[in-house]
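Architecture and fold: a report
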Amino acid sequence: MSDKDTMSKAHNFSRQAWMCALSTLLLNSSMGSLYAWSVFVSPLERELMLGRTGISFVFSVAVVAFTGGVAVAPYFYRLMRGPLLLMAFSLCSVMGLFLASFISSSNPSSWWFLVVGYGALFGFGAGGTYSVSLQLINIALEKKKGLANGLGIGSFAAGSVVFSLIFSWALTYITVQEIFFIFGFVLLGVGITVGSLVWVSGFELPKASADQKAMPQGTPTIFPLLWLGFCCGAFAGLMAIGHAANFIEAYGGTALMITLGVVSISIGNAIGRLTAGILSDVWSPAYVAVLAHVISLTGFVLLLMVSDPWAAVISLGMQGLAYGFIAGAYPSAIAIYIGVSSFGRYFGRLILAWGIAGLTAPWMTGWLFDHFGSYREALFIGTAFSLVGILIAFKLFHSIRASAAEKSSS
């Protein structure tokens, strides 16, 4: 093969790789709309005449379904081609949105359309596409695994911010039901388009990722540490993020401060995810994880030492940034140290830690506030989780180094 043919092949590969990566990023950010749920809460309470508990239950179901979608998606890899799997999970979310659009104040039982439609179907489909998209991006950008994870995970967070703004604007003109119905068609178009582009790109899912084969060298030591560190980081972050507005209000913050605090979390989260991915290509992801836990620890200590609303705003911004770093560093470590072909399977297991943290951390924080009348006790617990996270991340680094030394000597 001539040099010209080699260059042409490399150019085509690069173009096809970015076609696969960018198209899946589009679908991933669209699925991030699942986390724009908060803008629908008040309108749905008025529409269905339900309390905050009933409406909040829908999103709890969505969190569980999303976690389940991420966890089980890799087991479909050998049953269906990647592009078709993206379309299938997208169709699941579309059907959920269509079902949710049938809610009506004249039919009290239509609340279940929300639970099954938005919660179960949309949540499960979003989780499935999230898993498949990240696996495909890691394959397409295999030489930049950190960047791949930073882009993939960051796009989902960015989508939640963008669609929160779009849906908030749309609610001034149309109903929640109409938004669900229209966005269902939008998501259907995006799913078909992205699936077609991935098909043309030629990239496929690894069939071996669902097989119970011998694990990569060092995995038995590395993965439990990844899981525990990710769980500590997610738990500490969600304690603060889950009560962001209440934290600032408890410290005497104004409405403007509350808005700034909530926005700073979203911005910090999106920036942290992308930055952590990029840094993971330069440093060890374990060092990036250490940095994430240190940022979280600093935010908690700041608020413990300075009982001020502006300190609360700054602390929450730091928690958002740390949470983004956590979300970018640990998945990058899977791709870099365990392997791209096994990414989907191990990421599905890793996300269970996030699911556990998501269901328990906000609840525990609220329970502590109800019993002690302040968030100070929750801050101490968050500090403890951050400290444990730092220790686990250092242990992870030494385990990775030991595994690499063992591999080089064998």
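This one's a predicted model, so the numbers in the text were calculated from it and none came from an experiment.

Things to note about the overall build of the protein
When helices and strands are counted, the protein shows 14 helices and zero strands. When its helices and strands are written in sequence order, the protein yields α-α-α-α-α-α-α-α-α-α-α-α-α-α. Here the C-alpha radius of gyration of the protein, 21 Å, is about what a compact globule of 410 residues would show, namely 22 Å. Seen along its three principal axes, the alpha-carbon backbone of the protein occupies a region of about 70 × 50 × 35 Å. Counting every position in the protein, which comprises 410 residues, the buried fraction comes to 54%. Only carbon and sulfur atoms are counted for the fraction: they give 71% of the accessible area of the protein, which is about 17400 Å².

A short note on helix α2 (residues 38-48)
Listed in full, the buried residues belonging to α2 are V39, F40, V41, P43, L44, E45 and L48. M49, located one to two residues past α2, shows a positive phi value of around 55 degrees.

Quick look at the nonpolar core
Counting residues in each nonpolar core, the largest one holds 99 residues, and the members touching the most others are F40, L114, Y118 and L226. Top element by residues in this core is helix α5 (residues 111-140). It accounts for 12 residues. Those residues in contact with L114, other than ones at most four positions away along the chain, are W37, L44, L48, V58, A100, I103, G119 and F180. In this structure, A236, F300, V313 and Y375 belong to the second largest nonpolar core, which totals 17 residues.

Some thoughts on the packing of α2 against helix α7 (residues 176-201)
Two elements in contact, α2 and α7, have axes separated by 10 Å at closest approach and are oriented at 125 degrees. By the criterion of interaxial angle, the relationship of α2 to α7 is oblique. Each of F40, P43, L44 and E47 in α2 lies in contact with α7, whose residues at this interface are V176, Q177, I179 and F180. Taken together, the residues that form the contact of α2 with α7 break down as six nonpolar, one polar and one charged.

Considering the side chain of T67
Following the sequence through the fold, T67 ends up in helix α3 (residues 52-72). Exposure remark for T67: the relative accessible area of 8% places this residue in the buried category. Apart from residues no more than four positions distant in its own chain, T67 is found in contact with I351, L352, W354 and G355.

Quick word on the side chain of S386
Within the secondary structure, S386 sits in helix α14 (residues 376-409). Residue classification places S386 among the buried residues on the basis of a relative accessible area of 1%. Of the polar contacts made by the side chain of S386, one reaches the side chain of S296; its length is 3.0 Å. Beyond its immediate stretch of four places on either side in the chain, S386 contacts A236, H293, S296, L297 and F300.

So, the packing of aromatic side chains
Summed over the entire model, instances satisfying the criterion amount to 26 aromatic pairs. Ring centres of Y130 and F347 lie 5.9 Å apart, and the angle between their planes is 55 degrees; on these two criteria the pair is classed as tilted. Taken together, the positions of Y130 in helix α5 and F347 in helix α13 (residues 343-372) put the pair 217 residues apart, joining distant regions of the chain. You can call F347 buried: its relative accessible area is 2%. Aromatic ring contacts, followed pair by pair, group F40, Y118, F122, F163, F167, F180 and F183 into a single cluster. Between R349 and the ring centre of Y346, over which it is positioned, the NZ or CZ distance is 4.9 Å.

Scoring rules and cut-offs
Residues numbered from 1 in each chain as written. Predicted model: local features only at pLDDT ≥ 70, side-chain atom pairs only at ≥ 80, totals over all residues. Heavy atoms only, no water. Helix = DSSP H or I, 4+ residues; strand = E, 2+ residues; numbered from the N terminus. Rg over C-alpha atoms; globule rule 2.2 N^0.38 Å. Buried < 20%, exposed > 50% of the residue type's maximum accessible area, 1.4 Å probe, protein only. Areas by Shrake-Rupley, 256 points an atom, 1.4 Å probe, with all protein chains shown as cover. Core = buried A, V, L, I, M, F, W, Y, C linked by side-chain atoms within 4.5 Å. Contact = heavy atoms within 4.5 Å. Axes fitted to C-alpha atoms, helices over the stretch in contact; angles between N-to-C directions. Parallel < 35°, antiparallel > 145°, perpendicular 65-115°, else oblique. Nonpolar A, V, L, I, M, F, W, Y, C, P; charged D, E, K, R; others polar. Polar contact = N/O pair within 3.5 Å; in protein donor to acceptor, adjacent residues only side chain to side chain. Phe/Tyr/Trp six-rings, centres within 6.5 Å; stacked < 30°, edge-to-face > 60°. Lys NZ or Arg CZ within 6 Å of the ring centre and 35° of its normal.

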